[in-house]
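Structure at a glance
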Amino acid sequence: MTIDWIAFTPWTALAGGVLVGAATAMFLLLNGRIAGISGIVGGLLRLVSGDVAWRVAFIAGLVGAPMVYTLFTDWPKPQIEAGYGTLVVAGLLVGVGTRYAAGCTSGHGVCGLSRLSPRSVAATAVFMGAGFLTVFLMRHLLRL
């Protein structure tokens, strides 16, 4: 294994982690809600009076923040080594896993772990393990 020193950016990664942690902590402390994206988006599918505006604002912030980022620097060029079929299947599997786990990586992995939720510890261990296993199978055994 080698480190790609050009892409190795520990300080920006640390800053991003601090921002995510601070934002989710503030969201919980100020609103009493968990910043789980699947739960926030799912709440838009079953509308409840007085519960829509903050959800729309949250999603708008998720979509709008990268657009603001491009005002200050170039948009990074993604390099995806998978076909559209693989991406569709992966997206569907993530959606199914999110439903079974009653939450997503942001809800369980960021918010749940910080609250020491046993359910989130289990969910995070399962989805991280599944990710590790998938990469191992795809990259080392199947060589895809």
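Residues numbered from 1 in each chain as written. Predicted model: local features only at pLDDT ≥ 70, side-chain atom pairs only at ≥ 80, totals over all residues. Heavy atoms only, no water.

**Side note on the side chain of Thr98**
Note the cut-off: Only runs of H or I of at least four residues qualify as helices and only runs of E of at least two qualify as strands under DSSP, and these elements are numbered from the N terminus. Contacts are assigned to residue pairs that have any heavy atoms within 4.5 Å of one another.
In this structure, Thr98 sits in helix α4 (residues 84-100). If we ignore the near neighbours within four places in the chain, the residues touching Thr98 are Ser38, Gly103 and Cys104.

**Topic: the pattern of salt bridges**
Under the convention used in this document: The rule for a salt bridge is simple: a side-chain nitrogen of Lys or Arg has to be within 4 Å of a carboxyl oxygen of Asp or Glu. Burial classes: relative accessible area under 20% of the type maximum marks a residue as buried, over 50% as exposed, and values in between as partly exposed (1.4 Å probe, protein chains only).
Counting across every chain of the model gives three salt bridges. Taking the shortest distance from any N to any O, the salt bridge between Asp51 and Arg33 comes out at 3.3 Å. With Asp51 in the loop between α2 (37-45) and α3 (53-69) and Arg33 in the loop between α1 (10-31) and α2, the pair connects residues that are 18 residues apart, well separated along the chain. Looking at Asp51, the relative accessible area reads 12%, which means it is buried. Using a relative accessible area of 33% as the deciding quantity, one classes Arg33 as partly exposed. For Asp51, the salt bridge goes to Arg55, with nearest N and O atoms at 2.9 Å. Each member of the pair Asp51 and Arg55 is classed as buried. Overlapping salt bridges bring together Arg33, Asp51 and Arg55 as one network.

**Quick notes on the layout of surface pockets**
For clarity, the threshold we go by: Any residue with an atom within 4 Å of a point lines the site, the site being either a cavity, points on a 1 Å grid over the protein atoms alone where a 1.4 Å probe fits but cannot get out, or a pocket, an open set with protein on both sides within 12 Å along at least 5 of 7 lines. Grid points are joined across faces, edges and corners, and a volume is the space filled by probe spheres set on the points.
What the largest pocket holds in volume is close to 990 Å³. If you trace the largest pocket, you find 26 residues lining it, with Ala90, Leu93, Val94, Gly131 and Thr134 closest to the centre. Contributions of two or more residues to the lining of the largest pocket are made by α4 and α6 (118-141). Top element by residues in the lining of the largest pocket is α6. It accounts for nine residues.

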